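Take a look at the letters that make up each chain.
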Amino acid sequence: MAFNYYFLSLLLVVSSSSSLLCFSLPTVSISHTSDQTLVCALTNTSHLQCTSLPLNPIRFSLTGTLQKNRRFSGVVSGNGFVCGLRSPLGSNASTILCWRFSSNGANMTYKRIYKGPELKELEASTSRICGVEKVTNRTRCWQTVSRRRPRSDNHDSLALGEDFLCGLSKPPGRISCEGKGNITKPPSGDRFIAIAAGSRQACAVTVDSDVECWGQTYTSPPREKFSALAVGENRICGVRWVNGTVTCWGSNGFSLPRRLENVEFTSIYANGLIFCGVVKSNYTLYCWGDHESVFAPFQDQTVLPGPCREECPYGQLSGSSPLCGNGLKICDSMNIVLVPDTPRGKQNSKDKTWSRKNIAFLVVGCVGTCSLLLVVGFLVYNSHCRCRVHDSGRLDDNRIIVDEEPKLEKRLSSLASLCNHGQLVEFTIEELALATDGFSPRFQLGIGSFGIVYKAVLSDGRLVAIKRAELTNPASSGITRIRNRREDNDSAFVNELESMSRLNHKNLVRLLGFYDDAEERVLVYEYMANGSLADHLHNPRLEPLTWERRLTIALDAARGIQYLHDFAVPPVIHRDIKSSNILLDATWTAKVSDFGLSQMGPTEEEDASHLSLRAAGTLGYIDPEYYRLQQLTTKSDVYSFGVVLLELLSGHKAIHMNEEENPRNVVDFVVPYILQDEVHRALDRRIPPPTPYEIESVAHVGCLAVECLVPCGRERPSMAEVVSNLEKALAACLGAPQTEPLSSPASD
């Protein structure tokens, strides 16, 4: 008996440590809404399908090409929603996609609520979803009102109830619970191998295959050995270890329907009054509840009895390979446990004779395999994306500008033909000097990409902003520095003209005209009466912006950038998106300005994914991937806009001083709070906390910012996706009715 217990413990530790094994991901889920019960399952080749009970013509359609062509590794449900987990092989990452549904059977669109480190466990209660990260064992939860994340990071598997969470450490392990009442007092000891929960009750299987329950218990479990449990509302069903059949017990004499008494099951699931199980002989799904009713939700299809895996060290489930495809298989979790003194245990002992030497070889082999996979995965990941940290460049300079256009004279010579189409006015230098009193410092508004910006009134009464190229003083600078600075100014001047002369959008600052000769470069813009977004975020003398106005400004700016990326031909990459380049007119409409660093992006005909350019941008906003790899894409603007979103939320500059007067990046400060679902701790303290309508929108924008700031550009959302999510966030902030709750924004 002692050796068997030691052997069992060792096998379970090895299995829970290995990256090749994970038996806890559910492949069937049960949900309720109104008078309908929705059963969802991973059917043949891991596709997610749902139908309602009792069986009727209503078939729920999970819309979107993403669901149609993607495989899932797990599925969970709560009241009115179903979520699928995707963990592509070799990616070391997971995605959670959720659908909301109603009782009319209408099509449901998905929302992505998570994309991050790979999850090895996922569970749901009526309103909450929680998972465990594979590498760190950190527990994370979503769609929860509470801003406090679970205390423990040592859970290997989870069980969720109505207002509690229980976790089991590596089996044979200890159980800990968080919540209210006596549910927080589970049985003690490092002796449990599985855990399950209903709304107000939890149960666990011990190393001896006994069942122990706590919380609001109603009847004692039968004195039998069990390999799996499912806990519903005041009722429990368990899979017998000896032969795989099921028995049920609970209040009001609840029991298994008679027609299922001799059916062997590989796994069972429960929610409320409904139970479902996957039949071992043919992998069909049966569901049951009160009385003797039995339903087969997917009569013509097989259902996965477990998640598909690459390897199964303890053997695969018989006949499971065709269910998965692509060489994958479903592991037989029954093979990793030995229960003494049972017919099945004795049978297994005849077929599989183990010794301490066998165990040692097994442990060494598993550890070696896991180590090799980790090394290979790390090398593959680095080869695809070499940027892992946020790098804002040096702190002793505010701009990173490198000349990548040595032949400026040729570009300048084309300006006459470029602008000679009636849209731009060619002003005289005398008129511009008169409007600014000889470019007097008292008319200065700020500094742009290549010069100083002045406020001016033209002779016809128009109020404008005039940007004049910065002049270099020969007395204080060398000839080389004069030449380089002039080339920078010329390049910025041409970029502005090339971009603004052909762009027209309500969220882009309008270029009215220019002046150009051998000595002067001047651009004339519409005047923006309310200054820049940076002024209103960081100037304590100005009244702070409300949450509604901040979201409106973010949406306006995002629409302007989307126009540059998606509708300009060829597309334009701004390269210097920042709060000081988002200007506000007299009606508070936000417009993107300063195209001095912009570049025309590759078109589809050019079949290029990026431009190879040396880094240019502003400290704190520049995309670290572009900075390191010198490969410019539209996703570089997306990163910079993510920093602007963090500024809007926190009120902090991109680079600011912390409490110890040390420079700090707003990304490093705010993102950890968002990832911990505690964005309220990083919000701007100059304005009142968000209202109930506003807080959901603010949290949604925080998640969107994190998506924009992921290190690898290809994983960031497009500006079209950013605009879509900001539109929904603003609608929620204004109190508009929502067809579904806001969730993690970017789509897959």
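Residues numbered from 1 in each chain as written. Predicted model: local features only at pLDDT ≥ 70, side-chain atom pairs only at ≥ 80, totals over all residues. Heavy atoms only, no water.

## Here's the deal with the overall build of the chain
The helix and strand tally for the chain stands at 16 helices and 41 strands. Per-residue burial over the chain gives 54% buried out of 748 residues. Restricting to contacts in the chain with at least 6 residues of sequence separation, those with at least 24 account for 57%. Surface accessibility of the chain: about 33200 Å² in total, with carbon and sulfur atoms responsible for 51%. (Helix = DSSP H or I, 4+ residues; strand = E, 2+ residues; numbered from the N terminus. Buried < 20%, exposed > 50% of the residue type's maximum accessible area, 1.4 Å probe, protein only. Contact = heavy atoms within 4.5 Å. Areas by Shrake-Rupley, 256 points an atom, 1.4 Å probe, with all protein chains shown as cover.)

## Some words on the nonpolar core
Judged by nonpolar contacts, the single largest core of 59 residues is most densely connected at Phe641, Leu645, Leu646 and Leu726. Mapped by element, the contributors of at least two residues to this core are α10 (533-538), α11 (547-567), β34 (582-584), β35 (590-592), α13 (634-650), α14 (666-675), α15 (692-708) and α16 (719-733). Ranked by residues supplied to this core, first place goes to α11 with ten residues. In this view, Phe641 contacts Ala554, Ala557, Ala558, Ile561, Ile577, Met719, Val722 and Leu726; residues no more than four positions away in its chain are not counted. If you look at the next biggest cluster of nonpolar residues, it comprises 32 residues, including Val28, Val39, Cys50 and Tyr269. (Core = buried A, V, L, I, M, F, W, Y, C linked by side-chain atoms within 4.5 Å.)

## What about the side chain of Thr284?
With respect to the element layout, Thr284 can be found in the loop between β21 (274-279) and β22 (285-288). Look at Thr284 and you get buried, because its relative accessible area is 16%. Among the polar contacts made by the side chain of Thr284, one reaches the side chain of Asn282 at a distance of 2.9 Å. With near-sequence residues (within four places) excluded, Thr284 lies in contact with Gly277, Val278, Val279 and Gln301. (Polar contact = N/O pair within 3.5 Å; in protein donor to acceptor, adjacent residues only side chain to side chain.)

## Some thoughts on the sheet that holds strand β10 (residues 139-142)
Ordered in space as β8-β9-β10, the three strands form an open sheet in which the pairing is antiparallel. Two strands lie at the open edges of the sheet, namely β8 (119-124) and β10, each paired on one side alone. Neighbour-to-neighbour, the strand axes of this sheet turn through a mean angle of 20 degrees, independent of strand direction. The pairing of β8 with strand β9 (residues 129-133) spans five bridges and is antiparallel. Each bridged residue has a counterpart across the sheet, and for Leu119 the counterpart in β9 is Glu133. (Pairing = 2+ DSSP bridges. Axes fitted to C-alpha atoms, helices over the stretch in contact; angles between N-to-C directions.)

## Quick notes on the pattern of salt bridges
As a working rule, side chains carrying opposite charge can pair if their charged atoms are close by. According to the stated counting rule, one finds 25 salt bridges in the structure shown. With a closest N to O distance of 3.6 Å, Glu133 and Arg140 form a salt bridge. Since its relative accessible area comes to 6%, Glu133 is described here as buried. Taking the shortest distance from any N to any O, the salt bridge between Asp210 and Lys225 comes out at 3.1 Å. With a gap of 15 residues between them, Asp210 in the loop between β15 (201-206) and β16 (211-215) and Lys225 in the loop between β16 and β17 (226-231) connect regions that are remote in the sequence. Connected through shared salt-bridge partners, Lys115, Arg714 and Glu715 make up one network. (Salt bridge = Lys/Arg side-chain N within 4 Å of Asp/Glu carboxyl O.)

## Remarks on the sheet that holds strand β1 (residues 28-33)
Strand order in the open sheet formed by three strands is β1-β2-β3, and the pairing between neighbours is antiparallel. Only two strands of the sheet have a single neighbouring strand rather than two, namely β1 and β3 (47-53). When strand polarity is set aside, the average angle formed by the axes of neighbouring strands in this sheet is 20 degrees.

## A short note on the environment of Ile175
One can find Ile175 in strand β13 (residues 175-178). C-alpha of Ile175 to C-alpha of Pro186: the two residues are eleven residues apart in sequence and 6.5 Å apart in space. With residues near it in sequence (within four places) discarded, Ile175 still touches Cys166, Gly167, Leu168, Pro186, Phe192, Ile195, Ala204 and Trp214.

## Some thoughts on α16
Given a rise of 1.5 Å per residue, 15 residues ought to cover 21 Å, and the 21 Å separating the end C-alpha atoms of α16 matches this to within 8%. Of the positions making up α16, those classed as buried are Met719, Val722, Val723, Asn725, Leu726, Ala729, Leu730, Ala732 and Cys733. Its buried side turned inward, α16 meets α11, α13 and α15. (Expected span 1.5 Å × (residues − 1).)

## Some remarks on the state of the cysteines
Across all of its chains, the model carries seven disulfides by this definition. Disulfide pairing is shown between Cys40 and Cys50; the S-S distance is 2.0 Å. Every disulfide takes its handedness from the sign of the S-S torsion; for Cys40 and Cys50 that torsion is 110 degrees, giving right-handed. With Cys40 in strand β2 (residues 36-43) and Cys50 in strand β3, this residue pair connects regions lying ten residues apart in the sequence. Grouping residues by exposure puts Cys40 and Cys50 together as buried. Each sulfur of the disulfide joining Cys237 and Cys248 lies 1.9 Å from the other. Negative torsions about the S-S bond denote left-handed disulfides, and the value of about 105 degrees found for Cys237 with Cys248 makes this one right-handed. With Cys237 in strand β18 (residues 235-240) and Cys248 in strand β19 (residues 246-250), this residue pair connects regions lying eleven residues apart in the sequence. (Disulfide = S-S within 2.5 Å.)

## What to know about the packing of aromatic side chains
The tally for this structure, following the rule as stated, stands at seven aromatic pairs. Judged by centre distance (5.6 Å) and plane angle (25 degrees), the ring pair of Phe254 and Phe275 falls under stacked. One end of the pair, Phe254, is in the loop between β19 and β20 (265-271); the other, Phe275, is in strand β21, with 21 residues separating them in the sequence. Ring centres 5.4 Å apart and planes at 65 degrees place the aromatic pair Phe439 and Tyr454 in the edge-to-face group. One end of the pair, Phe439, is in the loop between α8 (429-435) and β28 (444-447); the other, Tyr454, is in strand β29 (residues 451-457), and 15 residues separate them in sequence. (Phe/Tyr/Trp six-rings, centres within 6.5 Å; stacked < 30°, edge-to-face > 60°.)

## Looking at the pairing of strand β32 (residues 521-526)
Along β32, six of the six residues are buried, which leaves the element largely enclosed by surrounding structure. In terms of strand pairing, strand β30 (residues 463-469) meets β32 through five bridges, oriented antiparallel. Paired with Ile466 across the bridge in β32 is Val524. The sheet contact formed by strand β31 (residues 511-516) and β32 spans five bridges and is antiparallel.

## Looking at the pairing of β18
Within β18, six of the six residues are buried, leaving the element largely enclosed by the surrounding structure. Side chains Arg235, Cys237 and Val239 project from β18 onto one buried face, and the interleaved Ile236, Gly238 and Arg240 project onto a second face that is buried too. Count of turn residues in the β17/β18 antiparallel hairpin: three residues, of which Asn234 carries a positive phi of about 65 degrees. Sheet topology note: the β18/β19 ladder contains five bridges and is antiparallel. Across the sheet, residue Val239 finds its bridge partner in β19, namely Val246. Adjacent in sequence and paired antiparallel, β18 and β19 are bridged by five residues, among which Gly244 carries a positive phi angle near 80 degrees.

## Topic: the environment of Ile655
Structurally, Ile655 is set in strand β40 (residues 655-657). Here the alpha-carbon distance between Ile655 and Tyr621, two residues 34 residues apart in the chain, equals 8.9 Å.

## Details of the confidence of the model for the chain
Averaged over every residue, the pLDDT of the chain is 77; residues scoring 70 or more account for 71%. This stretch, residues 64-68, has a pLDDT under 50; its non-local contacts, to residues over four places away or in other chains, come to nine contacts. Below pLDDT 50 for its whole length, residues 472-484 participates in five contacts with residues either more than four positions away or in separate chains. (pLDDT = per-residue confidence, 0-100.)

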